[in-house]
Structure formats: C-alpha cells, structure tokens
Amino acid sequence: MEIPEVAAEVRAICLALPGVTEKLSHGSPAFFAGKQFVMLWPGGHHDHQFPHLWCAAPDGAQEELVATEPGRFFRPPYVGSRGWLGVRLDRPVDRAELKAICTDAYRTVASRTLIARLDAIEDV
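Cut-off values and rules
All residue numbers refer to positions counted from 1 along the written sequence of the respective chain. Restriction of local features to residues with pLDDT of at least 70 applies here, the model being predicted, together with a cutoff of 80 or more for giving and counting side-chain atom pairs; totals for whole chains, interfaces and linings are based on all residues. As a convention, hydrogens and water are excluded, and side-chain values are obtained from all of the structure's heavy atoms. Only DSSP runs of H or I covering at least 4 residues are called helices, and only runs of E covering at least 2 are called strands; the numbering of each starts at the N terminus. Taken over C-alpha atoms, the radius of gyration is set against a globule rule of 2.2 Å times the number of residues to the power 0.38. We call a residue buried when its accessible area falls under 20% of the maximum for its residue type, exposed when it is over 50%, and partly exposed in between, using a 1.4 Å probe and counting protein chains only. Any two residues whose heavy atoms approach within 4.5 Å at even a single point are treated as in contact. Here the open area of atoms and residues is found with the Shrake-Rupley method and a 1.4 Å probe, where only the protein chains shown may cover a residue. In this charge count, Lys and Arg are treated as positive and Asp and Glu as negative; neither His nor the chain ends contribute. Every charge is mapped onto a representative atom, which is NZ of Lys, CZ of Arg, CG of Asp or CD of Glu. By this definition, two strands are paired if DSSP reports at least two bridges between them. Here an angle of 0 to 180 degrees is reported between the N-to-C directions of two axes, which are lines fitted to C-alpha atoms, with helices fitted over the stretch in contact. Working definition: a ring pair exists when centres of Phe, Tyr or Trp rings (six-membered ring for Trp) sit within 6.5 Å. Plane angles under 30 degrees give stacked, over 60 give edge-to-face, the rest tilted. Expected span of a helix, by definition, is 1.5 Å for each gap between consecutive residues, and there is one gap fewer than residues. Nitrogen and oxygen atoms within 3.5 Å of one another constitute a polar contact, given that in protein one can donate a hydrogen and the other can accept it, and given that sequence-neighbouring residues count only through two side-chain atoms.

A. Molecular detail of the overall build of the protein. Within the protein, the secondary structure is distributed over four helices and six strands. In the protein, the succession of α and β elements from N to C terminus is α-β-β-β-β-α-β-β-α-α. Relative to a compact globule of 124 residues, whose C-alpha radius of gyration would be 14 Å, the protein shows 14 Å and is just as compact. Structurally, the protein occupies a C-alpha span of about 40 × 30 × 25 Å along its principal axes. Relative to its full complement of 124 residues, the protein shows a buried share of 46%. In the protein, the share of contacts with a sequence separation of at least 24, taken over all contacts with a separation of at least 6, comes to 47%. For the protein, the exposed area adds up to about 6,700 Å²; of that, 54% sits on carbon and sulfur atoms. A gap of 7 Å separates the mean positions of the 13 positive and 16 negative side-chain charges of the protein.

See the structure below:
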C-alpha cells in the first residue's frame, strides 16, 4: 500500500471501532476512545522522517516487538516511556496486522463498556 492508502486504511480501521473520534493533534490525525490510542504521522515527525504511527500497546508489547523487529517497530519519543509503540509505514504493510495493532491499541485504553461493544461486534 502507498502512504495515502495506508493513512486511509488506518483511519477506516480506527473509525470502525465503537465510540472512536478523530481529532487533529499537533497537526496530525489522532484517534480517541475517551483517551488517545493512535496518532498517525504520514509525513514523519522530528527524528523519524518516515511515515509511521504511534499507538498505545499492551504491557510488554513495545519491548518485545522492538527487540524482535527493530526495523519495523520503535520506541516513539514522548509516549514511548508509557509503553507506546512506533510502527513504520514506509514498508509493506499487511492490512490484517495493521488492524490488529490498532485494535490492540484501542483495547489498551478503551473503557470496559466500549470493549464489550467491540467484543459483541467481533462475535457476529
């Protein structure tokens, strides 16, 4: 996928999740389920001049993914200390993996009510 397609895909994945809103944050698209869970940097950000996203991640996921695939995943500035994960988008991106990453990020911050709504959708 090309970068505009990946950005559109991230937007579609995130906005399909229950209760998600999109707002600009620091000039880039950000997705919220009460709390922010994904930030998209299609043009890069400061030190990372390649398209990528930052996302909330379950405990231990950042360390594991950065250690096993440092070319694809990284510890982002500002939010990396809270366990967030950086994901490069300038390489081939699998839609199913992108969906799993965004959904895991959502589950990391969403309320129990929103997670129950997601579970009900996924069970259909």
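B. Up close: the sheet that holds strand β4 (residues 52-55). Pairing within the open sheet is antiparallel, and its six strands lie in the order β1-β2-β3-β4-β6-β5. Two strands close off the open sheet at either side, each with one partner strand: β1 (21-25) and β5 (73-74). Sheet strands touched by helix α3 (residues 95-109): β2 (28-33), β3 (35-41), β4, β5 and β6 (85-88). Its angle to β3, the strand with the most contacts, is close to 150 degrees.

C. Representation of the packing of aromatic side chains within the structure. Under the defined criterion, the tally for this structure stands at four aromatic pairs. An angle of 55 degrees between the planes, with centres 5.2 Å apart, marks the rings of Trp-41 and Trp-54 as tilted. Of this pair, Trp-41 sits in strand β3 while Trp-54 sits in strand β4, and the two are 13 residues apart along the sequence. A residue is classified by how much of its surface remains accessible, and Trp-54, at 4% relative accessible area, is buried. Consider the rings of Phe-50 and Phe-74, whose centres lie 5.8 Å apart with planes at 90 degrees: the pair is edge-to-face. Placement of Phe-50 in the loop between β3 and β4 and of Phe-74 in strand β5 is noted, with a sequence separation of 24 residues between them. Judged by its relative accessible area of 11%, Phe-74 is buried. Taken together, the aromatic side chains of Trp-41, Trp-54 and Tyr-78 make up a single cluster linked through ring pairs.

D. Highlighting the pairing of β1. Where β1 and β2 come together, five bridges link them in antiparallel fashion. Bridge pairing links Thr-21 to Phe-32 in β2. Hairpin connection between β1 and β2: a loop of two residues separates the two successive antiparallel strands, and His-26 in this loop has a positive phi of roughly 55 degrees.

E. Molecular detail of the pairing of β3. In terms of burial, β3 is largely enclosed, as five of its seven residues are buried. Here β2 folds back onto β3, and the loop between the two strands holds one residue, one of which, Gly-34, carries a positive phi near 85 degrees. Pairing geometry for β3 and β4, over four bridges, is antiparallel. Residue Met-39 lies in a different strand from β4, and its bridge partner there is Trp-54.

F. Structural context of α3. Look at α3: 22 Å from first C-alpha to last across 15 residues, which is about the 21 Å you get at 1.5 Å a residue. A side-chain oxygen of the first residue of α3 lies 3.2 Å from the backbone nitrogen of Ala-96; this N-cap is Asp-94.

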